[in-house]
Amino acid sequence: TLTQSPAASNEHNTLTHCRKKKLYIGALFPMSGGWPGGQACLPAAQMALDLVNKRTDILPDYELELIYYDSMCDPGEATKLLYDLLYTEPIKIVLMPGCSSVSTLVAEAARMWNLIVLSYGSSSPALSNRQRFPTFFRTHPSATLHNPTRVQLFQKWKWTKIATIQQTTEVFTSTLDDLEQRVKEAGIEISVRQSFLTDPAVAVKNLKRQDARIIVGLFYETEARKVFCEVYKEKLYGKKYVWFLIGWYADNWFKIKDPSINCTVEQMTEAVEGHVTTEIVMLNPETVRGASNLTSQEFLAQLMSKLGGKNPEETGGFQEAPLAYDAVWALALALNKTVGPLKAKGRRLEDFNYNNKDITAEIYRALNTSSFEGVSGHVVFDAQGSRMAWTLIEQLQGGSYKKIGYYDMTKGNLSWYGNDRYIQNSQPYLNNMTAVGCMMALAAVFPLGIDGLHVRNSQFPVVCQFRLWLLGLGFSLAYGSMFTKIWWVHTVFTKKDEKKDKRKHLEPWKLYATVGVLLVIDILSLMIWQIVDPLHITVEKFTKEAPKGDVDQLIEPLLQHCSSEKMNTWLGVVYGYKGLLLLLGIFLAYETKSVSTEKINDHRAVGMAIYNVSVLCMITAPVTMILSSKQDASFAFASLAIIFSVYITLVVLFVPKMRRLITRGEWQSDQQETMKTGSSTNNNDEEKSRQLERENKELQKIIQEVLCHLHFLQHAVEDVSY
């Protein structure tokens, strides 16, 4: 056996490294100025580059190298640095600026050099313009991403009039223009509009004079302190008012001493209490490993180590660092995706120059279809090249910010904090109906075991009624709610496309109505049965037996039954109706086993529960009729069948939800597709495959448990019969 020495191995790695062709990224990181975001974003980008260059499955023949300058967040300085980047060797394949003002300059000029621009820290809505910035992408979402959330909240709380107050700067003006358009489309009126340049006193007084109640404020943090000092003076706060602010201020922004205001910390704290903020989610709240094989918390730990223990609150761009990290990964994955298509055309990435439109077009196409899990969340771009992301909604309660909800613009999904999306997307009210039905079925086990020894003959018909009604209504609630889920999924996904699109909007009341119909059918049929042919006691007599011992007596065994005059007819009707429901449920579960939908995300588990309930019911009904004269065996078989069918149903439906909440936290969702399917062009088949694989493994575990329980049930019944 030949072994390679460590020295030889290191030499081999060095040679491999030397053979790699370098691709250069020209970057501008503001280390000072209005937004010194480069202080944290640069180390984050370097971390990503180090990992990418070590990977053998991403750009194995290339090495990415960062050439960067300090733009000081100044367009004038950035102009000089951009000139140096473009006219100094080596050729840069992509530009990565930060700051909206700098990115605007770079993105507008880049088209002349056929360069892709990928920004990690630009929020100006003006950059969402494909005519003006045809090659621009950004992992930082546009500031207008706050507006769909605000409009959704206005509609949720049925507010039809709002007021606005803004600082007169380009970013807030364009954000307000976008908000005006959105509220107009939603039928909401902006009744008061106020703006200011440096002193907000007059604007705040005008808001008070015109009786503004729902107020959207768009201004920087320093101006926010000025605004709310005036708000305190004008008493424009309290339960009559709701303020909406931007969420990227420091958490203690209103407590910071500011010589430009004459309000105390206590007064400021009183004025700002209860306001609502919207903030773009920049750190993945889910504990998942994405493209870089790091969770968001692991990324933060490594970044803190790289920063050398600096205070995050004093490090510029710490909040945006995940966006810079994911920008490098988005670029690396996109470049990796272009290698094959370019090779087919006889081109290579190292052939890029500023006159080569073909390579630029391939990189653009790859970036435009990006879809991967990053440390900042799921990375996907809209048609304007802007990042699509979640919005966090917070409220200041008792002097500190509390999370109250999240909004996903791509799906129009507003979910309140504490209401897990995974739970919400499984139709929890139907799950509650299933649980109630299961409890009613379990409760029926007790009257099944009661006979004349425990109650008087006059009370026995009441016990019979309890058995019938608990089992009947329990079945309708438990099975009916599961059947309704499967029926809806099948109805939507087996229709033609034009009909499917019309019906994809799920209206919960229709689901509840379906369960209600099944419940009403059961109630009516049971009422008719009890009115026309009520249950009563019948006594089955057996052959007389001689007791042991020399006693001159014979014992005649008697067995009490719950029966009616036309018992077989009624049972035939009930069994026939419910048997058809069971068979139809099995059919629908089979038909929808490969369907994936967000609105009812547990339909596969529901299908598994339907299989088990159907099998147990179809076995139990005829067997208990055959064993009716063997009271112990009959009771054992019926009660065990009820217990196991209920147990299996509850395990299959609720254990995965409990496990997900416990192990993955509130944010983890079976529907990571919520972000992944935001654009039909950005669906990733590989991610879907992994999702299905995880679901299959979970179902296999559940099936194994079910088989074990059925095996136990079989032995238990055999023991009782014996």
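Residues numbered from 1 in each chain as written. Predicted model: local features only at pLDDT ≥ 70, side-chain atom pairs only at ≥ 80, totals over all residues. Heavy atoms only, no water.

Asker: How do you make sense of the packing of helix H11 (residues 321-344) against helix H12 (residues 357-368) when you look at a structure like this?
Answerer: When two helices pack together, their arrangement is given by the angle between the helix axes and the distance between those axes. Packing of H11 against H12 brings their axes to within 8 Å, and their N-to-C directions diverge by 125°. On the basis of their axis angle, the class for H11 and H12 is oblique. Handedness of the H11/H12 crossing: right-handed. Together, Ala330, Ala334, Leu335, Lys337, Thr338, Pro341 and Leu342 of H11 and Ile359, Glu362, Ile363, Ala366 and Leu367 of H12 make up the contact between the two elements. Considered class by class, the residues forming the contact of H11 with H12 number nine nonpolar, one polar and two charged. (Axes fitted to C-alpha atoms, helices over the stretch in contact; angles between N-to-C directions. Helix = DSSP H or I, 4+ residues; strand = E, 2+ residues; numbered from the N terminus. Parallel < 35°, antiparallel > 145°, perpendicular 65-115°, else oblique. Left-handed = near helix turned anticlockwise from the far one by under 90°. Contact = heavy atoms within 4.5 Å. Nonpolar A, V, L, I, M, F, W, Y, C, P; charged D, E, K, R; others polar.)

Asker: Sorry if this is basic, but what is going on with the sheet that holds strand S10 (residues 276-280) here?
Answerer: Strand pairing in a sheet relies on backbone hydrogen bonds, with the paired strands running either antiparallel or parallel. Judged by pairing direction, the sheet is mixed, and its eight strands sit side by side in the order S7-S6-S8-S9-S10-S13-S14-S15 without closing on themselves. Each of the sheet's edge strands pairs with one partner strand only, and the pair in question is strand S7 (189-196) and strand S15 (413-416). Shown here is a sheet whose adjacent strand axes are inclined to one another by a mean of 25°, direction ignored. Two strands pair when backbone bridges link them, and strand S6 (residues 161-167) and strand S8 (residues 214-218) are joined in this way by four bridges, in the parallel orientation. Across the sheet, Gln166 pairs through a bridge with Leu218, a residue of S8. (Pairing = 2+ DSSP bridges.)

Asker: Help me out: how do you make sense of the nonpolar core in this one?
Answerer: It is characteristic of soluble globular proteins that their nonpolar side chains tend to be buried jointly. Ranked by size, the top nonpolar core spans 75 residues in total, and within it Leu64, Met96, Phe299, Tyr325, Leu335 and Leu349 carry the most contacts. Sort the elements by how many residues they give to this core and H11 lands first, with twelve residues. Residues within four places of Leu335 in sequence aside, it is in contact with Leu23, Leu59, Leu64, Ile93, Leu349 and Ile363. By size, the runner-up hydrophobic cluster in this structure holds 54 residues, among which are Ile214, Phe228, Tyr232 and Val276. (Core = buried A, V, L, I, M, F, W, Y, C linked by side-chain atoms within 4.5 Å. Buried < 20%, exposed > 50% of the residue type's maximum accessible area, 1.4 Å probe, protein only.)

Asker: Explain the confidence of the model for the protein chain here, please?
Answerer: Atom-level detail of predicted coordinates should not be read off regions where pLDDT is low. Within the protein chain, residue pLDDT values average 83, and 83% of them lie at 70 or more. Confidence over residues 497-504 falls short of pLDDT 50; this stretch has ten contacts with residues more than four positions distant or in other chains. Considering only residues more than four positions removed or in separate chains, one finds that residues 664-688, a stretch of pLDDT under 50, has 79 contacts. (pLDDT = per-residue confidence, 0-100.)

Asker: What exactly am I supposed to notice about the UniProt feature "transmembrane region" (unreviewed entry) in the protein chain here?
Answerer: On the UniProt side, "transmembrane region" (unreviewed entry) is annotated at positions that read residues 429-448, 468-488, 509-532, 569-590, 610-629 and 635-655 here. As annotated, residues 635-655 has a helix share of 100% and a strand share of 0%, and its two end C-alpha atoms lie 29 Å apart. (UniProt positions renumbered as here; feature names shortened; annotations may be inferred.)

Asker: Explanation requested: the state of the cysteines in the structure shown.
Answerer: The bond known as a disulfide is covalent and runs between the sulfur atoms of two cysteines. Evaluated as defined, the whole model comprises two disulfides. Between the sulfur atoms of Cys73 and its disulfide mate Cys99 the distance is 1.9 Å. Between Cys73 and Cys99, the disulfide has an S-S torsion of -115° and is therefore left-handed. Of this pair, Cys73 sits in the loop between strand S2 (62-69) and helix H3 (75-87) while Cys99 sits in the loop between strand S3 (92-97) and helix H4 (100-110), and the two are 26 residues apart along the sequence. Given the relative accessible area of 3%, Cys99 is considered buried. (Disulfide = S-S within 2.5 Å.)

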